[in-house]
Amino acid sequence: MDLEKLRETAAEVVAREDVKYLIGWKNGSYGYRVAPAFIEDAEGAAELIFSPLCISNLSTYLTLVEKLPLPRGQEPDTRKIALMVKGCDSRAVTQLLVEKGIERDGVVVIGCPCPGMIDYDLLAEKYPETEGLSEVKWTDDGFLVIRDGEETNVTRDELLAEKCRLCRYPNPLISDIMLGEPVETWEPAEDKGVEEVDKKDVNGRWAYWEEQFSNCIRCYSCRNVCPLCYCQDCILDRLNPTWVNRAVNFSENTAFNIARAFHLAGRCIECGECERVCPANIPLGRLNRKMAREVRDKYGFEPGLDPEAEPFQASYKPDDPEDFIL
Amino acid sequence: MSANNEPNIVAFLCNWCSYAGADLAGTSRVHYPSNVQVIRVMCTGRVNPLYVMNALQQGADGVLVSGCHPGDCHYMEGNYYARRRLGMLKDLMEFVGVDPRRFHMSWVSASEGHKWKEVVEKTVEDAREAGSFEGFRRRQIDW
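Just so you know, these numbers come straight off a predicted model, no measurement behind them.

### Here we look at the overall build of chain B
Per the secondary structure count, chain B includes four helices and four strands. Scanning chain B from its N terminus toward the C terminus, one meets helices and strands in the order β-α-β-α-β-α-β-α. Its C-alpha atoms give chain B a radius of gyration of 15 Å, within 12% of the compact-globule value 15 Å for 143 residues. Viewed in the frame of its principal axes, chain B has a C-alpha envelope of about 45 × 35 × 30 Å. Counting over 143 residues, chain B shows a buried share of 57%. Counting contacts in chain B only where the partners sit at least 6 residues apart, residues at least 24 apart contribute 81% of the total. As displayed, chain B has an accessible area near 6,200 Å², and 48% of this comes from carbon and sulfur atoms. Of the charged side chains in chain B, 16 are positive and 16 negative; the average position of the first set lies 4 Å away from that of the second.

### Some words on empty space enclosed by the protein
All names here are of chain A. Enumeration over the complete set of coordinates arrives at six cavities of 30 Å³ or more. When its volume is computed, the largest cavity comes out at roughly 260 Å³. When residues of the lining of the largest cavity are assigned to domains, at least three fall in each of domain 1 (3–68 + 78–178) and domain 2 (192–314).

### As for the domain arrangement of chain A
All names here are of chain A. Here chain A is described as being made up of domain 1 (3–68 + 78–178) and domain 2 (192–314). Centre-to-centre, using C-alpha coordinates, domain 1 lies 24 Å away from domain 2. Counting residues at the interface gives 23 residues for domain 1 and 27 residues for domain 2. Taking both sides of the interface into account, the surface hidden between domain 1 and domain 2 amounts to around 2,100 Å²; carbon and sulfur atoms contribute 52%. A per-residue breakdown of the area domain 1 buries against domain 2 is headed by Arg91, Gln95 and Val98, which together make up 26% of the total. Linking domain 1 with domain 2 are three salt bridges. Its salt-bridge partner being Arg267, residue Glu99 comes within 2.7 Å of it at the nearest N-O pair. The tally of links between domain 1 and domain 2 comes to 10 residue pairs in polar contact (both at pLDDT 80 or more).

Cut-off values and rules
Residues numbered from 1 in each chain as written. Chains lettered and ligands numbered in written order. Predicted model: local features only at pLDDT ≥ 70, side-chain atom pairs only at ≥ 80, totals over all residues. Heavy atoms only, no water. Helix = DSSP H or I, 4+ residues; strand = E, 2+ residues; numbered from the N terminus. Rg over C-alpha atoms; globule rule 2.2 N^0.38 Å. Buried < 20%, exposed > 50% of the residue type's maximum accessible area, 1.4 Å probe, protein only. Contact = heavy atoms within 4.5 Å. Areas by Shrake-Rupley, 256 points an atom, 1.4 Å probe, with all protein chains shown as cover. Lys, Arg positive; Asp, Glu negative; His and termini not counted. Charge placed at Lys NZ, Arg CZ, Asp CG, Glu CD. 1 Å grid on protein atoms, 1.4 Å probe; cavity = no way out; pocket = protein on both sides within 12 Å on 5 of 7 lines; lining within 4 Å. Points joined across faces, edges and corners; volume = space filled by probe spheres on them. Domains from an automatic or database assignment. Buried area = accessible area lost by both parts, 1.4 Å probe. Salt bridge = Lys/Arg side-chain N within 4 Å of Asp/Glu carboxyl O. Polar contact = N/O pair within 3.5 Å; in protein donor to acceptor, adjacent residues only side chain to side chain.

Here it is in C-alpha cells:
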C-alpha cells in the first residue's frame, strides 16, 4: 500500500469536524515493534504505517474506550472514531454492529486490503530484534526484512502468521474509505492445529488441554484484547453468583477457558489476538477456530459477514441439528 | 461418584414437560435409577451452559438437560435456543476432552413417563461407563 496515500487520507479524515480521532498503527520504539496510534491532527497522521507487522486488531479499542460520567451540563462527545481495519478486523466491526456494541454512524472505517501478516515470534526467532527500528515490507512473493540497513528477502511461507494462512477474507468487508486495490484471495491452508487435537481420542484431548490450561495464569489478557469481549459486567469477573472461582488451578482454568470459548462461539471472527497475547502460549485459537468451524459446518453461519444478520446464539432455526438428543 | 461406584447425575428439567414427565413416572410407579438429582427450571432455554460446567465441577459425573419436544415449548421457542446452545456446548466439551457420555439432552413430554425412565437409565449407564470425573472437580479448601 502506498504510505503517502494512507497518510494523506488519514490527515483528511482527522481534519473532518465530525471525527474525534483516528486509530491506526505507527512504529514502536525499537526492533519490529508496532504500536497503536491515536491520531488527532495532520502531524500525527504522518506517523501512520501499514506493514506486515501491523497484526494487532485495533477494533478492540472501539469498545475499550472508557466512558467517564460527564459533569453536569456537559454534552457527550458524539463525534465519530475513525479506524483502520484489515480484513479480519472489519469482520469484528461488522460483528459489533450486529450486536449493537457500536453504531454504524459512530465509526469511519478505513479499509486496508491485507496481503498477509507476519508471525512476530517466528520473525524474532530467525532475525533477532535489534535496538534500532527495523522494517518489514511486502514484496511480490514474500517479505523484505530490513534491519540496520541490511535487507533480507524472505519467502511468504516462512513467516506468514497462522491466522493469515487460514484467512478467507483478506479484504475488508465493510469500509467507508478503501485504501488501495483489493488483494487477491488465497486458498486457505488446512487447519493443522485443530486437526492435531481433533484426531486424538477423548482422553488424549483431555490430557492435551490439561497440559495447556495448567499453564494459564488467568491474566485475562485474552479477554481484554478480544474485540468481541466487551461486556461491562463480565461473567468471569462476577462474584455473586461466582461462576468461575478466581483460584488458579486446573479446574477453574478449564472452566474459564471453556466459558470464554463458548461465549465466542458463533461470534469469533478468528483474528487470533487471544493467541498472540497469551503469555503462557496456550493455543486458544484452536478452541475458537474449532467452534467457528462447527458453527459454519453444522449451522451454516459465519459471524462478521452481514451487519443485518441475527446474532447466532440469540436466534435459532427449526431445523437445527439435533442428532445429539436422546 | 460415591463409594459404591454409583455416578451422580444432575438433571435440569423444564417445568412444563420433563418435570411433569418425571412426575408421571413416579405416580405410575415406574422404577428408574435413583442417582439422578432433579433441578426444576422454568424452561430449557433458561439453562445457562455454565450450569452444566458448574455441575461437573461440583461433583456431578453426568448432566442431563431435558425439555419439551420442539414445537411444544410453553414459551414457544425456548427449547430451540437451548438446542442450539447446548449442542454447541457438547461439541466444545468434546473438543476439550470431556467424555461426550457425560452430557445428554433429551425431549420428554409430560405424558412420556416411560421415556423418562429410558433416558435416565441411558444417562446413568453412560456416566458409569465414563467413570468418575475427579480431574475436573473444584478444589474445596477445608478450613
